[in-house]
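The lines below spell out each chain.
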Amino acid sequence: MSWAEKPGRGGGEADWGTMRYPTRALVELSAIRENVRLIRETAGGAEVMAMVKADGYGHGAVAVAGAALAGGAGRLGVAYVEEALALREAGIDVPVMAMVCTPGDEYERAVARGVDLGVGGTRLLEEVAAAAGLAGRAARVHLAVDTGMTRGGATADAWPQLVDQALKAQASGQVEIIGIWSHMACADEPDHPSVARQTRAFREAVELAERSGVRPEVRHLANSAAALYLPDTRWDMVRPGIAIYGLSPAPGLPDPGLRPAMTVTSRIAFAKRVAAGSGVSYGHLYTTSKDTNVALVPAGYADGVPRNGSNVLELLAGGARRRVAGRVCMDQFVVDLGDDVVGEGDEVVLFGPGDRGEPTAQEWAEATGTISYEIVTRIGGRVPRTHLD
Ligand SMILES: *Cc1c(COP(=O)(O)O)cnc(C)c1O
């Protein structure tokens, strides 16, 4: 086993690798590798674009990218051009696609570095084509069609014009049409009527583009839920995100045995005995019912512990599940141990794969009315990520 210290996000001048920060996110790269392998098997033959946007859903984009590629992914996807350029700076040279492109992004650099660009409008296509002229090479574009999500992508009405303009730009050497893609709104609900509608709309958009002469390398529609549960959406390539981190895109449905990759731990900062009737933390949302031991965990909402987890979230401390007592503060919260004792400096597990009885990110999500995506992505920039291989 080798341990590699990686900086957290937004580290500034701090040397996170050597800091004794009490709260840490441990990321098992072997779990990510294995999850990608499982998804690939399940998606039968489709290529995998591993989604590593938002710093790899909080897990550390560069390390995750390496593990995903080792697990059989052939490409990487991010949201923004800047994120794609950061992967290039880190020495990653496989195809990397930026899905959310905005006027004014660094297109000349992106084209020069061979970043794939998701383009859903003619105005953006013009800007990208102009940047390609400056960069002196063709821009690699994936044409986005809106099949019913009503987020990015050309509407069915605007699609023929986007295809036409892209073909002209391709003929003049400004762009290379690498892909045609869209995104599903309700893939986590396989019976939702929009699923069949979007699947059909995508087929029609692909057929129109191909009749017009587009010969894309990859036609892609499927996020994690679609890759796992909707065979008709897999086409040439799937774009799993949450599933590569081992969390379920559709918690009610069986998954192929994904393993959550992230474990967040902290260390008890302080412990003491307090009297019955003590109001705990801001607002006194919690009052001790008897004389009891309380312990202070040095992690708060700045580290990604949801504030609406006050009085609700569980964690593993002293070998048992405990509940947060009172408000989660910015940097700390309290747990009520009853007559149990934990030592100052002892490790506690906020969430993880569940091996030791700790909650999972999915449980934290359910307890706080959100999805596991938000739990892991919001682990704060000051929390160092440690990658275990
Ligand atoms: C984030 C994203 C994905 C991955 O979604 P998951 O639900 O995490 O699998 C795929 N495609 C696009 C366009 C995305 O924005």
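Each residue is numbered by its place in its chain's sequence as written, counting from 1. The predicted nature of this model means local features are confined to residues of pLDDT at least 70 and side-chain atom pairs, given and counted, to a pLDDT of 80 or more, with totals for whole chains, interfaces and linings taken over all residues. Only hydrogens and water are removed before side-chain values are computed, so all heavy atoms of the structure are retained for them.

An unreviewed UniProt entry lists the chain under the name Alanine racemase, with Actinocorallia aurantiaca given as the organism. You can read under Catalytic activity (unreviewed entry) in the UniProt record for the chain the words "L-alanine = D-alanine". UniProt positions are given in the numbering used here, feature names are shortened, and annotations may be inferred rather than shown by experiment.

A. The environment of Leu258, seen in detail. A run of H or I in DSSP counts as a helix once it spans at least four residues, and a run of E counts as a strand once it spans at least two, with each numbered from the N terminus. Inspection of the secondary structure puts Leu258 in the loop between β10 (237-238) and β11 (262-267). Separated by 230 residues in sequence, Leu258 and Glu28 have C-alpha atoms that sit 12 Å apart. Whether two residues are in contact is decided by their heavy atoms: any pair within 4.5 Å suffices. When near neighbours in sequence (up to four residues on either side) are disregarded, Leu258 contacts Asn35, Leu38, Ile39, Leu228, Ala243, Gly246 and Leu247.

B. Representation of the site of the ligand in the model. Lining the immediate environment of the ligand, one finds 14 residues, of which Lys53, Tyr57, Ser224, Ile242 and Tyr373 sit closest. Pairing of N or O atoms within 3.5 Å defines a polar contact, subject to two protein rules: one partner must be a possible hydrogen donor and the other a possible acceptor, and residues neighboring in sequence count only if both atoms are side-chain atoms. In the model, an oxygen atom of the ligand is placed 2.7 Å from a nitrogen or oxygen of the Lys53 side chain. Measuring from an oxygen atom of the ligand, one finds a side-chain N or O atom of Tyr373 at 2.6 Å. For accessible areas, the Shrake-Rupley method is used with a probe of radius 1.4 Å. Any residue's cover is judged against the shown protein chains and nothing else. Expressed as a share of its isolated accessible area of 390 Å², the protein-covered part of the ligand is 91%. Residues are grouped as follows: Ala, Val, Leu, Ile, Met, Phe, Trp, Tyr, Cys and Pro are nonpolar; Asp, Glu, Lys and Arg are charged; all remaining types, including Gly, are polar. Split into classes, the residues belonging to the shell around the ligand amount to seven nonpolar, four polar and three charged. Note on definitions. A residue lies near a molecule or strand when any single heavy atom of the residue is within 4 Å of it.

C. Spotlight on the UniProt feature "binding site: substrate" (unreviewed entry) in the chain. If you check UniProt for "binding site: substrate" (unreviewed entry), the listed places come out as Arg151 and Met330 in our numbering. In summary, the annotated positions, distributed over 180 residues, remain apart in three dimensions as well, the widest C-alpha pair reaching 33.4 Å. Secondary-structure assignment places Arg151 in the loop between β7 (139-144) and α7 (159-171). Partly exposed residues are those whose accessible area sits between 20% and 50% of the maximum for their type, while under 20% is buried and over 50% is exposed, using a 1.4 Å probe and protein chains only. A residue is classified by how much of its surface remains accessible, and Arg151, at 60% relative accessible area, is exposed. Residue contacts for Arg151: discarding those within four places in its chain leaves Asp146 and His183. Relative to the assigned elements, Met330 resides in the loop between β17 (320-325) and β18 (333-338). Exposure remark for Met330: the relative accessible area of 42% places this residue in the partly exposed category.

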